[in-house]
Amino acid sequence: MSEDKMINVYLYTRYERFWHWLQMVLIFLLIVTGFEGHGLYTLFGFERAVEIHNFVGLAWLIAFAFFVFWVFTTGEWKQYVPTTKKMLAVIRYYLYGIFRGESHPVPKRKESKHNPIQRLTYLALAALLLPIQMATGFLYWGYNSWSDWGITGVSLELVAFVHMAGAFAICSFIIVHVYMTTTGHTIFAHTKAMITGWEEVEKDVKIEDWERARGEGLSLR
Amino acid sequence: MKQIKGVLQFLYLTMSICLLFILTSAAGANQKDTEQVPGRFMARQATKAKTVWSTTDHSKHKALQQEFKSGAAITGACLSCHSEAASQFRQTIHWTWLGGSADSAKRSGKAGDSLNNFCISTNNMQDKSCSACHPGWNAKDGEINCLVCHSQAEEMNWTETFEDFHAFSGSGDPEELELAQEIQESILKSVQNIGRPTRKNCGSCHFYGGGGDGVKHGDLDSSITNPNKDLDVHMGLDGQKFECVRCHTTVNHNVAGRIYSKPATTDRKSLIEDDLTPKIMCESCHSATPHKSGSKANDHTDKVACQSCHIPQFARVNPTKMWWDWSKAGKKKKGKPYKTKDSLGKYDYMSHKGEMKWAKNVKPEYFWFNGSINTLTVKDVIDPRNVVQVSAPVGSREDINSRIFPFKVHRGKQPYDKVHKTLLAPLLSGKDGYWNTFDWQKALTKGMQAFDLPFSGQFDYVETSYVFPTTHMVAPKENVVNCIECHSRENGRLANLSGFYMPGRDSFKLMDIFGWAVIIGSLCGVVLHGLGRVFTNGRRGGK
């Protein structure tokens with residue numbers, strides 16, 4: 001398709017972008033120090049790695065609280081409401097259509113940033129995987145205070161198991177997530193959007209009502 | 001333009017966040033050295049008055065300015081002022097050599113039925129060579145020798161000294177009389193130079209237990225007499241200069257700290273909780289949270305003894321004995337007993353003792369320990385198919401009084417009765433002792449007779465182990481055991497302790513395999529998908 005069919009859309013607000021890249025930094029540090037604590041390699045040294053992991057983990061908890069506030073006060077939570085509509089079309093697209101040069105069945109718009117697969121993935125991530133990771137991480141960190149907190153019947157072993165499983169799941173997400181950023185109309189289109197906030201998308205795409213997370217119109221340049 | 005501005009804004013924001021994190025964690029590291037750590041602060045307070053003072057000068061006491069012809073006379077002079085000292089001291093384990101036992105049927109202690117895997121037994125105090133360390137003039141029969149612990153003069157061989165004195169003083173030869181005079185002067189020097197026990201006093205027995213320097217304890221040997229801070233951070237002459245009694249506080253001659261069947265103390269109280277508590281536990285001065293507040297090390301103190309991290313190795317200056325195999329004893333060269341030395345200059349073979357192994361800078365072994373040690377007696381039945389634990393620490397992870405504690409484990413082989421399945425206590429010294437006769441049958445028969453216990457006549461050797469809690473030779477904080485030495489997958493110091501999940505050491509094998517499979521699967525998936533896009537030159541693939 002030709003370039004004049006493209007329009008610039010302001011997709012990601014400043015806070016959203018900041019939150020995304022802050023997450024990236026925190027998760028990167030957590031993964032690196034976490035796997036060192038798991039005994040995989042020596043980078044910072046066990047003691048330092050644990051200190052960094054604890055510090056960054058607690059910082060993450062605070063940062064996440066701001067995200068929760070943001071997602072609810074801005075109504076952005078609606079972007080995460082799962083749907084099955086067009087899901088098969090999206091799956092078909094990534095398994096087949098993408099190789100044929102077809103257009104994406106659910107293009108991005110300000111009021112509908114996520115396709116059905118993304119909605120489900122990000123919901124699972126933000127509402128399930130990350131909270132589990134935060135809860136088990138916090139428990140792990142507070143192990144010595146369990147009796148003061150009245151926590152019984154949980155073993156460190158179980159907490160460690162879940163936390164470790166979560167870590168693997170997040171790693172797997174990151175691999176796929178980073179790859180998926182290359183599937184925009186150029187390899188770095190999505191990455192650029194997450195840095196500047198603006199993404200080039202196709203013109204004249206009808207947004208179904210069910211897709212809409214926002215009432216207002218398009219933010220066009 | 002707007003886009004570039006956005007990029008710059010974003011970069012600036014991200015970088016400042018990263019900087020913030022790095023700076024705050026770096027500041028935490030710098031603080032470590034300057035911040036007042038509560039435990040160190042308390043310990044400093046407890047040791048504030050470094051000068052030891054006394055209100056008396058024993059050389060000025062009339063009772064001590066007389067001619068002493070016997071040990072008993074010296075004791076009499078001491079007791080003429082310290083009227084209760086003898087009755088107090090005779091109750092203590094230093095005199096009785098009997099340890100209290102939870103099981104009253106057991107007569108534990110050196111003078112009782114307890115055994116070890118060094119010289120094995122005192123044979124009910126009938127092996128006279130053991131009595132060399134008993135603080136009486138004639139072992140338990142007779143008066144107390146106060147000077148062993150209290151005289152600050154040179155150590156003396158009192159039996160010889162009095163023998164010589166009597167021999168020379170009865171002579172008509174003026175030269176010999178003069179010698180007798182000199183001997184009496186050295187006696188008086190010892191008698192009049194009195195004080196609280198020093199490292200040297202305590203060390204005269206405790207550094208040489210088992211028949212030589214550093215034989216028994218790995219953390220107590222002659223190197224502690226005048227240690228530097230590197231060897232012991234409390235006793236170091238270039239530091240706090242602690243004497244033993246600084247921590248081994250004493251009430252009525254009962255010295256705190258003996259670990260036998262009962263813990264040295266059951267309380268882990270600090271001096272701010274109870275200013276009269278014995279100072280024997282690290283917690284007494286350092287509290288239970290001695291590290292910088294918020295430090296992970298403070299979280300360890302409920303399960304890990306201070307000693308486990310703060311004594312990285314024992315026997316750091318002098319070697320200590322790690323192995324003693326009695327079964328090899330009795331070999332002779334040209335019909336004569338002989339000795340050989342190892343590279344450390346220590347005997348690795350002695351005909352009358354057997355084969356020995358010595359080591360320096362030994363990493364301790366770690367066990368759960370609640371302060372009690374279970375020691376076998378000569379009456380206990382053993383299972384010779386396994387290594388027999390002549391003494392073993394008592395404790396478990398579930399016990400709130402237990403901590404992971406470092407031990408020296410001394411191993412060896414010693415004789416046991418093949419019929420009665422008990423360990424045997426050979427008589428070693430004296431006319432009938434093994435060291436004179438090299439006859440096991442006779443030594444074992446005589447040795448067991450001393451206990452009035454049967455010996456079947458059939459014996460063999462069994463491998464045994466014996467434990468010593470490691471608590472001295474506390475290293476400066478720069479030299480403590482690093483986290484990774486325990487929290488590591490392989491060869492960690494705590495590899496033998498099971499029943500709990502330890503981060504860094506333990507993992508879930510299956511989940512690790514599954515987890516990596518998922519990660520590798522994801523990688524393969526995206527690589528294949530990406531290649532697919534390149535080859536089909538599909539939408540946006542190749543650009």
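Residues numbered from 1 in each chain as written. Chains lettered and ligands numbered in written order. Predicted model: local features only at pLDDT ≥ 70, side-chain atom pairs only at ≥ 80, totals over all residues. Heavy atoms only, no water.

1. Things to note about the overall build of chain A
Right, so step 1: A tally of helices and strands in chain A yields 7 helices and 2 strands.
Right, so step 2: Start at the N end of chain A and walk to the C end: the helices and strands fall as β-α-α-α-α-α-α-α-β.
Right, so step 3: Along the first, second and third principal axes, the C-alpha atoms of chain A reach 60 × 35 × 30 Å.
Right, so step 4: With 221 residues in all, chain A has 45% of them scored as buried.
Right, so step 5: Considering only contacts within chain A whose residues lie at least 6 apart along the sequence, 72% involve residues at least 24 apart.
Right, so step 6: In the form shown here, chain A has an accessible surface area of approximately 11,100 Å², with 67% of it arising from carbon and sulfur atoms.
Right, so step 7: Taken as two groups, the 20 positive and 19 negative side-chain charges of chain A have centres that lie 8 Å from each other. (Helix = DSSP H or I, 4+ residues; strand = E, 2+ residues; numbered from the N terminus. Buried < 20%, exposed > 50% of the residue type's maximum accessible area, 1.4 Å probe, protein only. Contact = heavy atoms within 4.5 Å. Areas by Shrake-Rupley, 256 points an atom, 1.4 Å probe, with all protein chains shown as cover. Lys, Arg positive; Asp, Glu negative; His and termini not counted. Charge placed at Lys NZ, Arg CZ, Asp CG, Glu CD.)

2. What to know about the overall build of chain B
Right, so step 1: A tally of regular secondary structure across chain B gives 15 helices and 16 strands.
Right, so step 2: For 543 residues, the compact-globule formula gives about 24 Å, and the C-alpha radius of gyration of chain B, at 31 Å, lies well above that figure.
Right, so step 3: Along the first, second and third principal axes, the C-alpha set of chain B runs to 120 × 60 × 45 Å.
Right, so step 4: Within the span of chain B, comprising 543 residues, buried residues form 44% of the whole.
Right, so step 5: Of the contacts made within chain B by residues no fewer than 6 positions apart, 69% connect residues no fewer than 24 positions apart.
Right, so step 6: Of the roughly 28,100 Å² of accessible surface on chain B, 56% is carried by carbon and sulfur atoms. (Rg over C-alpha atoms; globule rule 2.2 N^0.38 Å.)

3. Regarding the pattern of salt bridges
A side chain with one charge may pair with a side chain of the opposite charge, provided their charged atoms come close.
Residues and elements named next belong to chain B.
Right, so step 1: According to the stated counting rule, one finds 22 salt bridges over all chains in the structure shown.
Right, so step 2: The partner of Arg-199 in a salt bridge is Glu-243, and the shortest N-O contact between them spans 3.7 Å. Note that Arg-199 is positioned in helix α9 (residues 199-206) and Glu-243 in the loop between α9 and β2 (250-251), a separation of 44 residues in sequence.
Right, so step 3: For Arg-199, a relative accessible area of 6% corresponds to the buried category.
Right, so step 4: One salt bridge in this structure joins Arg-505 and Asp-506, with 3.0 Å as the shortest N-O distance.
Right, so step 5: By relative accessible area, which is 11% here, Arg-505 ends up buried.
Right, so step 6: Residue class for Asp-506 comes out buried when judged on its relative accessible area of 17%.
Right, so step 7: A cluster of three or more residues bridged by salt bridges with shared partners is formed by Lys-431, Asp-432, Lys-442 and Lys-446. (Salt bridge = Lys/Arg side-chain N within 4 Å of Asp/Glu carboxyl O.)

4. What to know about the nonpolar core
Right, so step 1: Core analysis: the largest hydrophobic core is formed by 31 residues, its most contacted members being B:Leu115, B:Trp324, B:Trp326, B:Ile382, B:Leu423 and B:Ala425.
Right, so step 2: For this core, the secondary-structure elements that each account for two or more residues are β9 (354-359), α14 (440-449) and β16 (459-469) of chain B.
Right, so step 3: If you look at the next biggest cluster of nonpolar residues, it comprises 21 residues, including A:Leu22, A:Leu26, A:Ile27 and A:Leu130. (Core = buried A, V, L, I, M, F, W, Y, C linked by side-chain atoms within 4.5 Å.)

5. Concerning the packing of aromatic side chains
Residues and elements named next belong to chain B.
Right, so step 1: Per the stated rule, a full pass over the model turns up 39 aromatic pairs over all chains.
Right, so step 2: Considering the side-chain rings of Trp-324 and Trp-326, the 5.0 Å spacing of their centres and the 25° angle between planes classify their relative orientation as stacked. You'll find Trp-324 and Trp-326 in the same group, each marked buried.
Right, so step 3: Aromatic side chains Phe-459 and Tyr-461 sit 5.9 Å apart centroid to centroid with 85° between the ring planes, which places their arrangement in the edge-to-face category.
Right, so step 4: Among the residues examined, Phe-459 registers a relative accessible area of 21% and is labelled partly exposed.
Right, so step 5: Ring pairing ties together the aromatic residues Phe-118, Trp-324, Trp-326, Tyr-434, Phe-438, Trp-440, Phe-459, Tyr-461, Tyr-466 and Phe-468, which thus form one cluster.
Right, so step 6: When the ring centre of Trp-358 is taken as origin, the NZ or CZ atom of Lys-346, which lies over that ring, is 4.7 Å away.
Right, so step 7: Arg-505 extends its terminal NZ or CZ atom over the ring of Phe-500, reaching a point 4.9 Å from the ring centre. (Phe/Tyr/Trp six-rings, centres within 6.5 Å; stacked < 30°, edge-to-face > 60°. Lys NZ or Arg CZ within 6 Å of the ring centre and 35° of its normal.)

6. Things to note about the confidence of the model for chain A
All names here are of chain A.
Right, so step 1: Taken as a whole, chain A shows an average pLDDT of 87; of its residues, 90% reach a score of 70 or greater.
Right, so step 2: Highest mean pLDDT in chain A belongs to helix α6 (residues 156-180) (96); lowest belongs to strand β2 (residues 198-202) (82).
Right, so step 3: Long-range and interchain partners of residues 215-221, a stretch whose pLDDT sits below 50, account for 12 contacts in this model, where long-range means more than four residues apart. (pLDDT = per-residue confidence, 0-100.)

7. A look at a negative patch on the surface
Residues and elements named next belong to chain B.
Right, so step 1: On the surface, Asp-173, Glu-175, Glu-178, Glu-182 and Glu-185 cluster together into a patch of negative charge.
Right, so step 2: Positionally, Glu-175 belongs in helix α8 (residues 174-192).
Right, so step 3: Classification of Glu-175 as exposed rests on a relative accessible area of 63%. (Patch = residues over 30% accessible without salt bridge, like charges linked within 9 Å, V, L, I, M, F, W, Y side chains within 5 Å.)

8. Description of the pairing of β9(B)
All names here are of chain B.
Right, so step 1: In this sheet, β9 lies alongside strand β4 (residues 320-325) in antiparallel orientation, the contact comprising 5 bridges. In the sheet register, Asp-325 faces β9, and the bridge partner there is Glu-355.
Right, so step 2: With 2 bridges joining them, strand β8 (residues 347-350) and β9 adopt antiparallel strand pairing. The residue bridging Met-350 from the neighbouring strand is Gly-354, located in β9.
Right, so step 3: Joining the antiparallel neighbours β8 and β9 is a turn of 3 residues. (Pairing = 2+ DSSP bridges.)

9. Remarks on the domain arrangement of chain B
Right, so step 1: Here chain B is described as being made up of domain 1 (101-126 + 197-507) and domain 2 (510-543).
Right, so step 2: Just the C-alpha atoms count here: the centres of domain 1 of chain B and domain 2 of chain B sit 59 Å apart. (Domains from an automatic or database assignment.)

10. What to know about the environment of B:Pro384
Residues and elements named next belong to chain B.
Right, so step 1: Among the structural elements, Pro-384 can be located in the loop between β11 (373-375) and β12 (388-389).
Right, so step 2: Judged by relative accessible area, which is 23%, Pro-384 ranks as partly exposed.
Right, so step 3: In this structure, the C-alpha to C-alpha distance between Pro-384 and Thr-464, residues 80 residues apart in sequence, is 9.3 Å.
Right, so step 4: With sequence-adjacent residues up to four places away left out, Pro-384 is seen in contact with Tyr-416, Lys-421 and Val-462.

11. Side note on the side chain of A:Glu16
All names here are of chain A.
Right, so step 1: Counting through the fold element by element, Glu-16 comes out in helix α1 (residues 14-37).
Right, so step 2: Residue classification places Glu-16 among the buried residues on the basis of a relative accessible area of 9%.
Right, so step 3: Beyond its immediate stretch of four places on either side in the chain, Glu-16 contacts Leu-11, Trp-70, Glu-76 and Lys-113.

12. Some points on a nonpolar patch on the surface
Right, so step 1: Together, A:Leu40, A:Tyr41, A:Leu43, A:Phe44, B:Trp516 and B:Ile520 make up a nonpolar patch on the protein surface, roughly 540 Å² of accessible area in all.
Right, so step 2: Tracing the sequence through the fold places A:Phe44 in the loop between α1 and α2 (46-73).

13. Brief notes about the pairing of β8(B)
All names here are of chain B.
Right, so step 1: Sheet analysis places strand β7 (residues 339-341) next to β8, joined by 3 bridges and oriented antiparallel. Looking across to β8, one finds that Lys-341 is bridged to Tyr-347.
Right, so step 2: Between β7 and β8, which pair antiparallel in sequence order, lie 5 residues; one of them, Gly-345, sits at a positive phi of approximately 85°.

14. As for the packing of helix α3 (residues 87-100) of chain A against helix α4 (residues 116-141) of chain A
Residue and element names in this part refer to chain A.
Right, so step 1: Taken N-terminus to C-terminus, the directions of α3 and α4 make an angle of 100°; their axes are 8 Å apart at the nearest point. Between α3 and α4, the crossing angle belongs to the class labelled roughly perpendicular. Residues Met-87, Val-90 and Ile-91 of α3 lie in contact with α4, whose contacting residues are Pro-116, Ile-117 and Leu-120.
Right, so step 2: Broken down by class, the residue content of the contact of α3 with α4 amounts to 6 nonpolar, no polar and no charged. (Axes fitted to C-alpha atoms, helices over the stretch in contact; angles between N-to-C directions. Parallel < 35°, antiparallel > 145°, perpendicular 65-115°, else oblique. Nonpolar A, V, L, I, M, F, W, Y, C, P; charged D, E, K, R; others polar.)

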